Amino acid sequence: FLSLIICLGIYLSFIGGYGSDEDTLPLIGAFESMMGGGRVMASRFTPYPVAELGIGFLSYYLGSWAANLSTFLFIILGCLFFYIGLSLKVDLEKLTLFLILCLSNPTIFFDNIEPIDYSWAFIFFSLGIFFLKKKYFELSVIFFGICIGTRINFVLFIFFVVFFFDFKNQINLSRRIITFLGSFFVGGLF
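Model, not experiment: these values are computed from the prediction. (Residues numbered from 1 in each chain as written. Predicted model: local features only at pLDDT ≥ 70, side-chain atom pairs only at ≥ 80, totals over all residues. Heavy atoms only, no water.)

Peer 1: Which residues make up the packing of aromatic side chains, and what are the values?
Peer 2: Enumeration according to the criterion identifies 26 aromatic pairs in this entry. On the basis of an interplanar angle of 75° and a centroid distance of 6.0 Å, the ring pair of F159 and F164 is categorised as edge-to-face. Cluster of aromatic residues (ring-pair linked, three or more members): F81, F124, F130, F131, Y136 and F143. (Phe/Tyr/Trp six-rings, centres within 6.5 Å; stacked < 30°, edge-to-face > 60°.)

Given below as structure tokens:
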């Protein structure tokens, strides 16, 4: 069933065009303005340069299928790393069920077969959680920072994961503060 859902998502990514999300065209427009050498135009009130560059590049040079497929693969990988990062013990059966539950949700599925920046932020957020659990703090800071550069409202999710998720009491408070402030600084660079 999971393979069927993934194959359907890949197929729809190729035939879906740019979809109905009203933020896609401004993301591409922001990329074009950056590459045009003229004035830089943000896609929204707050610019999201990682998504603008990523989605804009794929759309401009390869077309909608590349941006759609990347977005769809990012939600799958994001869910995978999210599960691995937050679970105490990885069980393949439970992981498969988790992926089926996530991808069979119509909102998650159909929103992520078109270029949308939330799944781009989610993959970096999930990788940040994964590396935080593994105690690779520098990598965690980098991926959390890229996540903030992709979608600034993820800073709230990062705050709650860093400060309130237990990770078997392996991370002391000073390390949590440094991780969050470092992530906020890296994200602010975008």
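Peer 1: Any details on the environment of P49? Residues and values, ideally.
Peer 2: Tracing the backbone through its elements, the reader meets P49 in helix α3 (residues 49–61). Sequence separation between P49 and I84 is 35 residues, and the spatial gap between their C-alpha atoms is 28 Å. Excluding residues within four positions of it along the chain, P49 makes contact with G149 and F190. (Helix = DSSP H or I, 4+ residues; strand = E, 2+ residues; numbered from the N terminus. Contact = heavy atoms within 4.5 Å.)

Peer 1: Break down the nonpolar core for me, with residues and values.
Peer 2: The biggest cluster of nonpolar side chains holds 41 residues, and the ones touching the most others in it are I75, F124, F125, L132, F144, C147 and I158. Broken down by secondary-structure element, the contributors of at least two residues to this core are α1 (2–15), α4 (64–86), α5 (92–103), α7 (117–133), α8 (137–150) and α9 (154–164). Take this core: its biggest share by element is ten residues, from α7. For C147, the residues in contact, after removing those within four places along its chain, are A121, F124, F125, F154 and I158. If you look at the next biggest cluster of nonpolar residues, it comprises eight residues, including A51, I55, A67 and W120. (Core = buried A, V, L, I, M, F, W, Y, C linked by side-chain atoms within 4.5 Å. Buried < 20%, exposed > 50% of the residue type's maximum accessible area, 1.4 Å probe, protein only.)

Peer 1: Summarise the side chain of S59; cite the residues concerned and give the values.
Peer 2: Assignment of secondary structure puts S59 in helix α3. A polar side-chain atom of S59 sits 2.9 Å from the main-chain carbonyl oxygen of I55. Leave out the neighbours within four places in its chain, and S59 touches Y18, I28 and A67. (Polar contact = N/O pair within 3.5 Å; in protein donor to acceptor, adjacent residues only side chain to side chain.)

Peer 1: Please provide a residue-by-residue account of unusual backbone geometry, values included.
Peer 2: Phi is positive for K135, close to 70°, though the residue is something other than glycine. Among the secondary structure elements, K135 is positioned in the loop between α7 and α8.

Peer 1: A description of the packing of α7 against α9 should follow, citing residues and the corresponding values.
Peer 2: Where α7 meets α9, the axes come as close as 11 Å, and the angle between the chain directions of the two elements is 15°. With respect to their mutual orientation, α7 and α9 come out roughly parallel. Note on packing geometry: the crossing formed by α7 with α9 is right-handed. Between α7 and α9, the residues in contact are Y118, A121, F122, F125, I129 and L132 and F154, F157, I158, V161 and V162, respectively. For the contact of α7 with α9, the class distribution of residues is eleven nonpolar, no polar and no charged. (Axes fitted to C-alpha atoms, helices over the stretch in contact; angles between N-to-C directions. Parallel < 35°, antiparallel > 145°, perpendicular 65-115°, else oblique. Left-handed = near helix turned anticlockwise from the far one by under 90°. Nonpolar A, V, L, I, M, F, W, Y, C, P; charged D, E, K, R; others polar.)

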